[in-house]
Amino acid sequence: MTSDVGAALVHGLWHGAWCWDEVRAALAERGVDSVAVELPLTDLPADARATREALDAFDRPAVLVGHSYGGAVITEAGEHPLVRELLYIAAFQLDDGESVSRTRPGRDLPETRLAEAMRVVGSEVHLDPEWGSRLVYNDASAEVASAAMARVRPVDRLLFRRVPESIAWRSRPSTYVVCTEDEVVHPELQRAMAGRASRTVEWPCGHSPLATRPDVVADLIADRVRAAAPS
């Protein structure tokens, strides 16, 4: 195993490892090795298991990064012995008994219109192309939004209800990025969950900075990787 710290990247609902492509390219330019986890998006335990397996294969200390639903995944998987820090980007930093659809900080906070973008078909939840583009990629160019929406996939309904079996941020340092123009996870809910993190930063952007500002995302990840490296 190498001693260099890298980054393991976990995507959100409806997406795949591909959504980290530009961030990974920017990290490589900054000398940071990374791996993007491909989640099955069938159940939270399965997604956490896929993340732990990716960390095993990566075989080096890592900052574990979660975007959106990916925050629930890193909360459960982040006690892996190779994880040095957790980084939440507009993500669900859940506590005991909480799920993506029910967080205690969400009480009495404003809601977004994400529910209007979801289409339930049997056991699957699909993302409406028009609404998805409008909400998930609200500050992206039409070209970027269209390309991303062409690749989204349905997810299992179970993902919205399952709670993490362990809470890694209790034993690992964590950084939370609040996206102040987010129309998927309300910024006030993000700020409430960010109160659980070791540190917080705010970016004036929508829900998908991976697509709209990959260099900014890479700069932050590289900074946390440097901070996690042995002195």
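Before any of the text, the structure's been laid out above.
Residues numbered from 1 in each chain as written. Predicted model: local features only at pLDDT ≥ 70, side-chain atom pairs only at ≥ 80, totals over all residues. Heavy atoms only, no water.

Caption draft 1: Inspection of the packing of aromatic side chains at higher detail. On inspection of all chains with the given rule, the structure shows two aromatic pairs. Ring centres of W14 and F160 lie 6.3 Å apart, and the angle between their planes is 50°; this geometry places the pair in the tilted category. Taken together, the residues span a long stretch of sequence, with W14 in the loop between β1 (6–10) and α1 (21–29) and F160 in the loop between β7 (155–156) and β8 (174–179) at a distance of 146 residues. A relative accessible area of 4% places W14 in the buried class. Residue class for F160 comes out buried when judged on its relative accessible area of 13%. Judged by centre distance (6.1 Å) and plane angle (10°), the ring pair of Y88 and Y176 falls under stacked. Of this pair, Y88 sits in strand β4 (residues 83–89) while Y176 is found in strand β8, placing the two residues 88 residues apart along the sequence. Just as Y88 is buried, Y176 falls in that class too. Across from the ring centre of F58, 4.7 Å away, lies the NZ or CZ of R60, which sits over that ring. (Phe/Tyr/Trp six-rings, centres within 6.5 Å; stacked < 30°, edge-to-face > 60°. Helix = DSSP H or I, 4+ residues; strand = E, 2+ residues; numbered from the N terminus. Buried < 20%, exposed > 50% of the residue type's maximum accessible area, 1.4 Å probe, protein only. Lys NZ or Arg CZ within 6 Å of the ring centre and 35° of its normal.)

Caption draft 2: Region of interest: helix α6 (residues 142–149). Residues A145, A148 and M149 constitute the buried set of α6. The buried side chains of α6 occupy one side of the element, clustering within an arc of 95° when seen end-on. (Arc of directions from axis to C-beta.)

Interpretation in functional terms is not warranted from these geometric data alone.
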